[in-house]
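Summary of the model geometry
The residues making up each chain are set out below.
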Amino acid sequence: MKIKQLLLAAAAVGALAGLAGCSEEKPEQTRIALVVKSLGNGFFDAAHQGAREAASQIGGVEIIYTGPTTPSAEGQIEIVNALISQKVDAIVISANDPDALVPIAKKAMSRGIKVISFDSAIGPGGRQMQLNPSNAMLIGEKQIQMAAAEMNGKGELAILSASSQATNQNLWIGVMKQTLQRPEYAGIKLVATVYGDDQSDKSYREAIGLLRSHPNLKAIIAPTTVGIVAASKAVADENLVGKVFVTGLGLPSEMAGHVKSGAVREFAIWNPIDLGYAATFAAHEFVTGKAGAGAGAHVSVGRLGSVTLDANGEAALGPPFTYNAGNVEKFAKLF
Ligand code: RAM
């Protein structure tokens, strides 16, 4: 009798457990798409690493990492269209054009998909918020300061940018041109601005073109992690190390060798892992309704604290960091 009772009790517990197993359906995953300017760019691979970190910290979040093979707005429009059909919960995008992506982003938002731009902004009508890596003035001025130091304040300077429509690079180039108007930079002449489209081969060809058509060139600023590597390689290949200096924004992991060779003395960047992490975390805050769009709204960015949206629905993380022979090796292990 006793045994029978025990068996019955065990069966009941088993049945309950079974029932619980049935009713407790696996919660649906929140799907956040990280749409980058183009695939194969180490900067965005690092941002992806940060996005995955945010996803695993939050739990129940799936990251879809995608982007066109070359940085075009058309390629991103196609991708966003497909993501709308897939009914993802949020799109976190670094835009190849501030305006061209607004209509498709609006369509996504009208279907309830949250759209956050990060790194390179979509115009205000096409996103819930824009997360800047840092303040644009700081980023622009820093690059002029680094170039001016290498040029001893005088001579010819050129810019090798990413794609011609990139929101972020165009913003920074605007600040650089303004900064060059200051009396302390009167001796510096900006002789050309060219575009390598964040493609290594095109950036390299453009850099070679600059070096050959401007024999008195003293510095190249590449405000792109792809461009700065290509420009450094071009300077080395043309035997111009020590005569032409390269600076701008680069990844320590990709730049350590060029700092060693002397083609680059100093460059800057923010932490791309943190940027991807923060943008993904913010997107999730919008999905869950914890964050609201609009000036003054506070948006949590997880382990990085919180950011406050300005009148344009934008927020920024910390200042860029400078790298040189003294610290590049250490950071090369991180990103
Ligand atoms: C490239 C991309 C990216 C930019 C960095 C500095 O990887 O153009 O948008 O933020 O450089």
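Residues numbered from 1 in each chain as written. Predicted model: local features only at pLDDT ≥ 70, side-chain atom pairs only at ≥ 80, totals over all residues. Heavy atoms only, no water.

Some thoughts on the layout of surface pockets
To keep it simple, the criterion reads: Here a cavity denotes grid points, spaced 1 Å and computed from the protein atoms alone, that fit a 1.4 Å probe unable to get out, and a pocket denotes an open set having protein on both sides within 12 Å along at least 5 of 7 lines; residues with an atom within 4 Å of a point are the lining. Grid points are joined across faces, edges and corners, and a volume is the space filled by probe spheres set on the points. Each helix corresponds to a stretch of at least 4 residues labelled H or I by DSSP, and each strand to a stretch of at least 2 residues labelled E; elements are numbered beginning at the N terminus. Each residue is assigned to one of three groups, with Ala, Val, Leu, Ile, Met, Phe, Trp, Tyr, Cys and Pro labelled nonpolar, Asp, Glu, Lys and Arg labelled charged, and all others, Gly among them, labelled polar. Residue ranges for the domains trace back to a domain assignment, done automatically or taken from a database.
Of the volumes computed, that of the largest pocket is approximately 210 Å³. Lining of the largest pocket is provided by 15 residues; of these, Gly40, Asp198, Gln199, Ser200 and Val226 occupy positions nearest its centre. Of all the elements in the fold, those that place two or more residues in the lining of the largest pocket are α7 (200-213) and α8 (225-237). Among the elements that line the lining of the largest pocket, the one with the most residues is α8, at five residues. When the residues that make up the lining of the largest pocket are grouped by side-chain class, the tally is five nonpolar, seven polar and three charged. Here the lining of the largest pocket gathers at least three residues from each of two domains, domain 1 (30-133 + 272-317) and domain 2 (136-269).

As for the site of the ligand
For clarity, the cut-off: Near, as used in this document, describes a residue that has one of its heavy atoms within 4 Å of the molecule or strand being considered. Any pair of N or O atoms that falls within 3.5 Å is considered a polar contact. Within protein, one atom must be able to donate a hydrogen and the other to accept it, and sequence-neighbouring residues count only if both atoms are side-chain atoms. Exposure was quantified through the Shrake-Rupley algorithm and a 1.4 Å probe, taking into account, for residues, occlusion by the shown protein chains and nothing else.
In the neighbourhood of the ligand, 14 residues make up the surrounding shell, with Lys37, Asp119, Gln169, Asp198 and Thr225 lying closest. Aspartate 119 is positioned with one of its side-chain polar atoms (N or O) 2.5 Å from an oxygen atom of the ligand. The protein chains hide 100% of the 290 Å² of surface that the ligand would expose on its own. Only α2 (42-58) and α6 (167-179) provide two or more residues apiece to the shell around the ligand. Per element, the largest residue contribution to the shell around the ligand is three residues, and it comes from α6. Looking at the shell around the ligand residue by residue, the classes come out as six nonpolar, five polar and three charged.

Brief notes about helix α3 (residues 73-85)
Threshold: Helix span, as expected, comes to 1.5 Å for every residue beyond the first. Whether two residues are in contact is decided by their heavy atoms, any of which lying within 4.5 Å being enough.
For α3, which comprises 13 residues, the first-to-last C-alpha distance of 19 Å matches the rise-based estimate of 18 Å (1.5 Å per residue) to within 8%. Contacts made by the buried residues of α3 are with β1 (30-35), β2 (61-66), β3 (90-93) and α4 (102-110). Lysine 87 lies just past α3 and shows a positive phi near 55 degrees.

Remarks on the domain arrangement of the protein chain
We apply this condition: Reported buried area values correspond to the accessible surface (1.4 Å probe) lost by two parts on association, with both partners' losses combined.
Under the domain assignment, the protein chain is made up of domain 1 (30-133 + 272-317) and domain 2 (136-269). Between the C-alpha centres of domain 1 and domain 2 there is a distance of 28 Å. Each partner contributes residues to the interface: domain 1 has 17 residues there, and domain 2 has 15 residues. The junction of domain 1 with domain 2 conceals about 1100 Å² of combined surface from both sides, 51% of it contributed by carbon and sulfur atoms. Of all residues in domain 1, Lys37, Phe43 and Pro71 bury the most surface against domain 2, accounting for 33% of the area lost on that side. Counting across the interface, domain 1 meets domain 2 through six residue pairs in polar contact (both at pLDDT 80 or more). Split into classes, the residues belonging to the side of domain 1 that touches domain 2 amount to seven nonpolar, seven polar and three charged.

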